[in-house]
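Residue-level structure breakdown
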Amino acid sequence: MAGVLSPEEQAEVLAALEARFNLPNTFGAYLMCTCLGSIMLGVTIHQTYRYFRFYPNDILALKLLVLLVLGLDILHSISSMHICYFYLVTHFFDPARLSYGVWSIRLIVLEMGLLIVVAHCFYARRLYLLANHNVIPAITIGVLLAAELALCIIATVDSYTSVTFYRFEHYSWVMWSILSVAVAADVVATTALTYYLRQSRTGFTRTDSIVDILMVYTVNTGLSTSIATIAALVCAIVMKNNLVYSAILVVGTKMYANSLLAVLNSRRGIIDKGMAGYDTGSFGLKFIEPRDIRENRHELRAISLRPRLGAAKDQRDSEPTHNLKVAPGACLDISRTRLQQDADSM
């Protein structure tokens, strides 16, 4: 019968497909990273719950940002799950379909780019506040984010015009560029934030320890996302004929959402450890004595970081305090370099 392959011909076709598509390095790797990404989605949902539970007084813009990050993360997870289900379940007996793309695998790059851009916009605003309204670092990050978003749009359009994976390999340079720009944005944001946090040191042991903690948070969040992106970039260059790099990006994209929410939720952690706490999503560094909050909710002890004139050198590690009656929830800005304190900032 015309159009029907003989058993020998079917075996040859299957052998050719197996040689072309190594399932462990393509959809097998994608399935494993999708499972890991689903676990990280659960962490994101938990972080979102903690945020709205512990920070109900944050401004509306910050709450909408958290909801936007959660929505993009859920959409990204739906796309990755659909990819696995489409190729490994729906077309389980249709190996020839492995050569062609589906809507979810075409859109997932754009979803990744949007999530990365949103996360870095938060870091860019925080950097703008810490840099005493110096726009140069924020503009640098903004240019990188604009380039990354443009490249993600190009990759999405190319994936629709190149209906097969083989044809899309000719546009591998787009993926290399996207990942390179993402790494550059991570490096710029982490380096600049660490520098300006270091400039905010006051010379007092307690407050400098808080600044050190913030620098560790900054380095860790930037390092985690950079490692995943660099790993995906190396795999995209060395193994461009499989999906290992795309599978790594499933996990790497989740790290951006988790890192942003971890930064927001870490504000309460310092107070819970019995140390002075800060109350801003942009690391504006407001400090309140936790014991004063417990003892008298309407009378807070404001910590002054200005050294006393003529004070002995060995007394610099002790922070002079005085009682100050303020409105509930108010606290004192302690930045030596005039770090912008904005309780309603991002």
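Residues numbered from 1 in each chain as written. Predicted model: local features only at pLDDT ≥ 70, side-chain atom pairs only at ≥ 80, totals over all residues. Heavy atoms only, no water.

Turning to the overall build of the protein chain, a few remarks are in order. Counting its regular elements, the protein chain contains 10 helices and 4 strands. Within the protein chain, the fraction of its 346 residues that count as buried is 48%. Considering only contacts within the protein chain whose residues lie at least 6 apart along the sequence, 74% involve residues at least 24 apart. Carbon and sulfur atoms provide 64% of the accessible area of the protein chain, an area that totals close to 17200 Å². (Helix = DSSP H or I, 4+ residues; strand = E, 2+ residues; numbered from the N terminus. Buried < 20%, exposed > 50% of the residue type's maximum accessible area, 1.4 Å probe, protein only. Contact = heavy atoms within 4.5 Å. Areas by Shrake-Rupley, 256 points an atom, 1.4 Å probe, with all protein chains shown as cover.)

The subject of this paragraph is unusual backbone geometry. Here the phi dihedral of Asn-132 falls at roughly 60 degrees; this positive angle occurs in a residue that is not glycine. Structurally, Asn-132 can be placed in the loop between helix H4 (103-130) and helix H5 (135-161). One non-glycine residue, His-133, adopts positive backbone phi at about 65 degrees. Along the chain, the position of His-133 falls in the loop between H4 and H5.

The first and last C-alpha atoms of H4 sit 41 Å apart over 28 residues, in line with the 40 Å expected at 1.5 Å per residue. In H4, a bend of some 25 degrees at Val-109 exceeds every other bend along the element. Among the residues trailing H4, Asn-132 stands out with phi positive, at a value near 60 degrees. (Expected span 1.5 Å × (residues − 1). Bend = angle between axes of the 7 residues up to and from the residue.)

Residues Tyr-87, Val-109, Phe-122, Met-175 and Ile-178 are the most contacted members of the largest nonpolar core, which totals 59 residues. Broken down by secondary-structure element, the contributors of at least two residues to this core are helix H2 (27-54), helix H3 (60-90), H4, H5, helix H6 (165-168), helix H7 (172-199), helix H8 (205-238) and helix H9 (244-272). Per-element accounting of this core gives the leading share, 12 residues, to H9. Residues within four places of Tyr-87 in sequence aside, it is in contact with Phe-27, Phe-92, Arg-97, Leu-98, Tyr-100, Gly-101, Val-102, Ile-105 and Phe-165. Grouped together as the second largest cluster of nonpolar side chains are 13 residues, Ala-124, Leu-145, Ala-192 and Tyr-196 included. (Core = buried A, V, L, I, M, F, W, Y, C linked by side-chain atoms within 4.5 Å.)

Our focus in this paragraph is the environment of Thr-191. By secondary structure assignment, the location of Thr-191 is in helix H7. In this structure the C-alpha to C-alpha distance between Thr-191 and Gly-222, which are 31 residues apart in sequence, comes to 9.0 Å. From its side chain, Thr-191 meets the backbone oxygen of Val-187 in a polar contact 2.7 Å long. (Polar contact = N/O pair within 3.5 Å; in protein donor to acceptor, adjacent residues only side chain to side chain.)

Together, Phe-52, Leu-60, Leu-64 and Leu-67 give the surface a local cluster of nonpolar side chains, amounting to about 380 Å² of exposed area. Positionally, Phe-52 belongs in helix H2. (Patch = residues over 30% accessible without salt bridge, like charges linked within 9 Å, V, L, I, M, F, W, Y side chains within 5 Å. Salt bridge = Lys/Arg side-chain N within 4 Å of Asp/Glu carboxyl O.)

Right, let's get into the state of the cysteines. All told, the structure shown has 0 disulfides when counted by the stated rule. Of all cysteine sulfurs, the one in Cys-84 lies closest to Cys-35, which takes part in no disulfide; the gap is 7.1 Å. Classification of Cys-35 by relative accessible area gives partly exposed; the value is 44%. (Disulfide = S-S within 2.5 Å.)

Glancing now at the environment of Gly-142. Position of Gly-142 among the secondary structure elements: in helix H5. Between the C-alpha atom of Gly-142 and that of Val-117, which follows or precedes it by 25 residues, the distance is 8.9 Å.

Where H3 meets H4, the closest approach of the two axes is 9 Å, and the angle between their N-to-C directions is 160 degrees. Classed by the angle they form, the pair H3 and H4 counts as roughly antiparallel. The handedness of the crossing between H3 and H4 comes out as left-handed. Partitioning the contact of H3 with H4 into residue classes produces 16 nonpolar, 5 polar and 2 charged. (Axes fitted to C-alpha atoms, helices over the stretch in contact; angles between N-to-C directions. Parallel < 35°, antiparallel > 145°, perpendicular 65-115°, else oblique. Left-handed = near helix turned anticlockwise from the far one by under 90°. Nonpolar A, V, L, I, M, F, W, Y, C, P; charged D, E, K, R; others polar.)

The share of residues in the protein chain with pLDDT of 70 or more is 67%, and the mean pLDDT across the chain is 75. Across residues 273-346, where pLDDT falls below 50, the model places 152 contacts with residues more than four positions away in sequence or in other chains. (pLDDT = per-residue confidence, 0-100.)

Of note, Thr-34 is situated in helix H2. At a separation of 2.7 Å, a polar atom in the side chain of Thr-34 contacts the main-chain carbonyl oxygen of Tyr-30. With residues near it in sequence (within four places) discarded, Thr-34 still touches Ser-80, Met-81, Cys-84 and Val-250.

Our focus in this paragraph is the environment of Thr-225. Its location among the elements puts Thr-225 in helix H8. For Thr-225, a relative accessible area of 4% translates into the label buried. For Thr-225 and Thr-253, which are 28 residues apart along the polypeptide, the C-alpha to C-alpha distance reads 8.0 Å. If we ignore the near neighbours within four places in the chain, the residues touching Thr-225 are Asp-186, Met-255, Tyr-256 and Ser-259. One polar contact links Thr-225 to Asp-186, side chain to side chain, over a distance of 3.4 Å.

This part takes up the packing of aromatic side chains. How two aromatic rings sit relative to each other is set out by the distance from centre to centre and by the angle between their planes. What the rule picks out here adds up to 6 aromatic pairs. Seen in terms of ring centroids, Phe-122 and Tyr-123 are 5.5 Å apart; in terms of plane orientation they differ by 65 degrees. Their pairing is edge-to-face. The exposure class of Phe-122 is buried, given its relative accessible area of 0%. Clustering of aromatic rings is evident, with ring pairs tying together Phe-27, Phe-86 and Tyr-87. Cation over ring: Arg-106 sits above Tyr-160, and NZ or CZ is 5.2 Å from the ring centre. (Phe/Tyr/Trp six-rings, centres within 6.5 Å; stacked < 30°, edge-to-face > 60°. Lys NZ or Arg CZ within 6 Å of the ring centre and 35° of its normal.)

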